[in-house]
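Next come the chains, spelled out residue by residue.
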Amino acid sequence: MLDLINVSYDTQIPNNVGLSQDKKVLKALEKWHPGYINWWNDLIPQNFQQSMVYLRTAVSVDPKGWAKFDYVKMPEYRWGVLLAPQVENRTIPCGEHYGQPAWQEVPGEYRNLLKRLIVIQGDTEPASVEQQRLLALTAPSLYDMRNLFQVNVEEGRHLWAMVYLLHKYFGRDGREEADDLLRRQSGSEEAPRMLGAFNEETPDWLSFFMFTYFTDRDGKMQLESLAQSGFDPLSRTCRFMLTEEAHHMFVGETGVGRTIERTCQVMKENGIDDPFDVDRIRGLGVIDLPLIQKKLNLHYTLSLDLFGQEVSTNAANAFNAGIKGRYMEARITDDHQLQSDTYVVWDLVDGKAVQKEVPALTAINMRLRDDYTKDAAGGVGRWNKIIEKHGIDFELKLPHEAFHRKIGVFANLPFDPEGKVVTGAEYDKGLPEWLPTHADGDYIQSLMKPCYEAGQYARWIAPPKVGIDNKPGDFEYVKLHMA
Amino acid sequence: MTHRIDFQTDPSRYRHWRVEYDGEIANLYMDVDEQGGLFPGYELKLNSYDLGVDIELADVVQRMRFEHPEVKVVVMQSAKDRVFCAGANIRMLGGASHAHKVNFCKFTNETRNTFEAAEADSGQKYIAAVKGACAGGGYELALACNYILLTNDSSSSVALPEVPLLAVLPGTGGLTRVTDKRKVRRDLADVFCSVEEGVKGQRAVDWRLVDEIAPNSKFDEVVQERAREFAAASAKPSNLTGIELTPLDRRFAEDGSLTYSAVEVSIDRAGGRATLTITGPSDPAPASVAELQWQGAQAWILRAARELDDAILHLRLNERQIGTLVFQTQGDPTAVLAHEALLLANRDHWLANEILHYWKRVLKRVDMTSRSLVAIVEHGSCFAGPLAELLWAVDRSYMMLDEFEGDNRPLAAVTLSEGNFGPYPMGNDLTRLQTRFLGAPETVDTLRGHVGKALEAAEAEELGLVTYAYDDIDWEDEVRIFLEERASFSPDAMTGMEANLRFAGPETMETRIFGRLTAWQNWIFQRPNAVGPDGALQRYGTGVRGDYNMERV
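All residue numbers here refer to positions counted from 1 along the written sequence of the relevant chain. In the order they appear in the text, chains get letters beginning with A and ligands get numbers beginning with 1. Local features in a predicted model are, by the rule used here, given only for residues with pLDDT of at least 70; side-chain atom pairs are given and counted only at 80 or more, and totals for whole chains, interfaces and linings are based on all residues. Hydrogens are left out, water is left out, and the side-chain values use all remaining heavy atoms of the structure.

What follows covers the layout of surface pockets. Residues and elements named next belong to chain B. Taken as a whole, the second largest pocket holds about 1,500 Å³ of empty space. Using a 1 Å grid laid over the protein atoms alone, points where a 1.4 Å probe fits but cannot get out form a cavity; open sets with protein on both sides within 12 Å along at least 5 of 7 lines form a pocket; any residue with an atom within 4 Å of a point counts as lining. Taken together, 47 residues line the second largest pocket, and the ones lying closest to its centre are Lys106, Ser370, Pro491, Thr495 and Gly496. To qualify as a helix, a DSSP run of H or I must reach at least 4 residues; to qualify as a strand, a run of E must reach at least 2; elements of each kind are numbered from the N terminus. Broken down by secondary-structure element, the contributors of at least two residues to the lining of the second largest pocket are α3 (98-116), α19 (475-488), α20 (491-502) and α21 (509-524). Here the lining of the second largest pocket is composed, by residue class, of 14 nonpolar, 21 polar and 12 charged. Grid points are joined across faces, edges and corners, and a volume is the space filled by probe spheres set on the points. For this classification, Asp, Glu, Lys and Arg are treated as charged, while Ala, Val, Leu, Ile, Met, Phe, Trp, Tyr, Cys and Pro are nonpolar and the rest, including Gly, are polar.

Next up, the structure:
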């Protein structure tokens, strides 16, 4: 009897998909495995590879006890193939095949569309590890370093999840695509990652936190919509990935929150009430709130671009095919086919941002992006609570979606963060107030000094309220190998 | 006329293309202006094109030959990031009338043929440097180049996604060039034409879809290196100086008739016909190629070709109710022959060579025009040399026999030249005379013995050079009745009949593109599976798939 809840370690590759009985896919994955290990080993500096990191490893897909924590060297992490349990009698949740039994095999007519979506999703997973490869060198604490590595190994596992689907369901084409996922490299001139935002280096820890909060949240929304797929193996894969993704959001939200907390504390301790007294605040070695707003503006708008065009044929095709649903599709009360519904999107008329109705089917991206914005607003509210608690008069805000865009109707147009059109001169003048300048980058960089003592934190960030796995404050999350 | 499509443009007016000249190499950048569509209702995203974009490309190619003979290699590339060209704009196609789609495809096909032939005709080799998505019409642009380089960045691919995505064909030569030019094995071609995302990297080379892949980091370098190698290997003389293609002298009258310097187009709307009259040269032929070059675009033999070309294109796109085109000439046949003779005697001179090839293309454009074509050989006409070719391009020809009362013009004659035996082949690679006398090849040899002789009506009819010769008594009625009868037939049946009768003889890639590929495409363009309200082309972009009638016809 196949155990589909607990992870089986009877092959090199931990899994809950009965890999030991699926010789064909096992062989393919075993062939791919060494390339993956090489990719990992070449990525993160060696002394960290040799360090013992307190990581969680999935042992089951049962939400009640899916992970166990222990020290492990990252190259020995048990990456594996884990799918959420199959829901009995699941049906296709949207599109023209609505209500038909979910596909357990790839439908021929959608093979290429599905493969494309899986490859794009798969391409982002290793990309973020590549973008973050040098961050451990400037970790503000062992706690943060551990969180970074946790995020990294889980992104690695998400790559495995996508590669499993490619190997299992897409034959020779799938195996070639899986190889190419290791061939492309973030920022590489030779073979860059597919999406622009995944080719930028993550240069510092505040960027890392912003990235995990904003950009990983885009990833979360994509996974949410793929979790609604009528192709059941993809749905099950993504559902399990989402349980891991929650930790990444947590790292981002608490990372930014702790940075804000520290800034507010230091301002108060030194009797600074004016959040715009930037020179004095920076003189104290913490990150001023206006700069945090600028970083927020940058990462939020870059992440909006990842949702693509407001009106999108590809998204419409994928929804109508039942390949990709909407966020929480099952909770939406409509016909799930959208053949005659409309949805309100932003458009540009006579140089102004206006809202207009378009066929809902073509606005799937926009709807997901709106859900994303709502989701992203939650953490911003909690960050403002921290500022408020310290009695400082400052409020972080998500900028208008017309601001600083490279994709969609607002691309490369001079909108300010309020969504107002400004002149070129006003835009140039406003930019240093709206987005991080090179000087801001220099300042953040100057704070990025490693802090490797257990229980100690860099000056610019507050310690967490609770440790990982409820460990005490001085717990040594990473036993550094300093050969 | 609501909106006249103008085929004349010049670099100062380009919105979609840009050329950087670098000695013997020209870098040609496609940079389509999204807002620059010829009609409202669509945006030219991702370097997609419409007729307006192609009119500019045709102008670029033409000027490259005449204004920049120093160029030996043209590198066609995209000025946009991550996309080479996404092909013909789908929303434009979805919104366009059947007639516009057909004419659009014909013109783009002619443009592709023109730059494809530039290597053989003019010593200008086109290289496609493909970075980013190269799909559908984008790959067809590349296919018509003489060499394709693809970057190996593990995402750039070449693709023909028309069938799976739009339920139409890659109709700008795509299917034909894949098998006939690149000689891709047919089963691999079948795979290639059925997958939306296309083929990338080494496989694209293995399947013969591209000539070479290069590492992404070195791509631009490799492209320029190839360009330099090809330029160095070229047999074309160096340091040639071009002539300027000055704006055409062209006036429109209110009734739609048109006057150029050597061509006149009069329109008879009630009769559904246009008469194109070409006037022979009034000046003696240039004494030397140096004088020809000095005259440049003003030389009669080039001027007349440009004007005829523009007139044909104008009538095709802007005068679709005009079903019959009547060709006439007036002038001195010996002068026409003298102007042509200078070119034939100096075929190794770049400009003489270019003008001869240009006449070849213009005459092919006439062959390809889906209207009833007729030549009227009146007294005082000059159907000689290149103009005589018109007699065998048209569907029928009528010639005045003997003297007409009150007409003191010189008697109508047809005069052959050496030009009628080689330099102006049709798409089937035969001369018009070879095609005409397919069943009696010896006639062509006999005719060669008559070169330079003014062949009057009786003899011309006897030799098979014209359809009918009529004297003063019959002339008016016979011509009138023919034209009236012609105008009464179904235009669809006429187009089909004429296209089938015009191109006898062997198949070439060109005839296969204009015959087989175009005919199938035009059939599909009429079928509900593509263009019906629930067809793939109409539904493109809505997210809902085409609803196909699964009956095989």
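The nonpolar core is taken to be a set of buried Ala, Val, Leu, Ile, Met, Phe, Trp, Tyr and Cys residues, with the residues joined through side-chain atoms within 4.5 Å. Relative accessibility thresholds used throughout: buried, under 20% of the residue-type maximum; exposed, over 50%; partly exposed, between the two (1.4 Å probe, protein chains only). Counting residues in hydrophobic clusters, the biggest one holds 114 residues, and the most contacted among them are Phe149 and Ile260 of chain A. Looking at which element gives the most residues to this core, the answer is helix α4 (residues 142-169) of chain A, with 16 residues. Contact definition: two residues touch when any of their heavy atoms are within 4.5 Å. Apart from the residues lying within four places of it in its own chain, the contact partners of Ile260 of chain A are Leu289, Ile292, Trp383, Ile386, Ile387 and Leu396 of chain A. Among the nonpolar cores identified, the runner-up in size contains 84 residues, and Ala262, Val265, Leu351 and Leu416 of chain B belong to it.

We now examine the environment of Val102 of chain B. Locating Val102 of chain B in the fold gives a position in helix α3. Separated by 420 residues in sequence, Val102 of chain B and Asn522 of chain B have C-alpha atoms that sit 6.8 Å apart.

Another aspect to go through is helix α3 (residues 111-131) of chain A. End to end, α3 of chain A covers 30 Å across 21 residues, agreeing with the expected 30 Å (1.5 Å per residue, within 8%). In terms of burial, α3 of chain A is a largely internal element, 17 of the 21 residues being buried. Expected span, for any helix, means 1.5 Å times one less than how many residues it has.

If you look at the interface, chain B gives 19 residues, while chain A gives 28 residues. It is Ser154, Glu197 and Arg545 of chain B that lose the most area in chain B upon contact with chain A, and together they represent 27% of the buried surface on that side. Basic side-chain nitrogens of Lys or Arg form a salt bridge, by our definition, when they fall within 4 Å of a carboxyl oxygen of Asp or Glu. If you look at where chain B meets chain A, you find 6 salt bridges. Between N or O atoms, a polar contact is any pair within 3.5 Å; within protein, one atom must be a potential hydrogen donor and the other a potential acceptor, and residues adjacent in sequence are included only when both atoms are from side chains. Our count for the contact surface shared by chain B and chain A stands at 14 residue pairs in polar contact (both at pLDDT 80 or more). Residues that form the side of chain B that touches chain A fall into these classes: 4 nonpolar, 7 polar and 8 charged. Take the accessible area each of two parts loses on contact, using a 1.4 Å probe, and add the two losses: that sum is the buried area.

Before going further, it helps to examine a positive patch on the surface. Residues and elements named next belong to chain A. Surface patches are drawn from residues lacking salt bridges whose relative accessible area is over 30%; two like charges belong together within 9 Å, two nonpolar side chains (Val, Leu, Ile, Met, Phe, Trp, Tyr) within 5 Å. Calculation of accessible area relied on Shrake-Rupley with a 1.4 Å probe; when residues are assessed, cover is drawn exclusively from the protein chains displayed. Note that His is not counted, nor are the chain ends; the positive residues are Lys and Arg, and the negative ones are Asp and Glu. For charged residues, the charge sits on one atom: NZ in Lys, CZ in Arg, CG in Asp, CD in Glu. A cluster of basic side chains, namely Lys24, Lys27, Lys31, Arg172 and Arg175, defines a positive patch on the protein surface. For the positive patch, the elements supplying multiple residues, two or more each, are α1 (23-41) and α5 (171-183). Looking at where Lys31 falls in the secondary structure, it is placed in helix α1.

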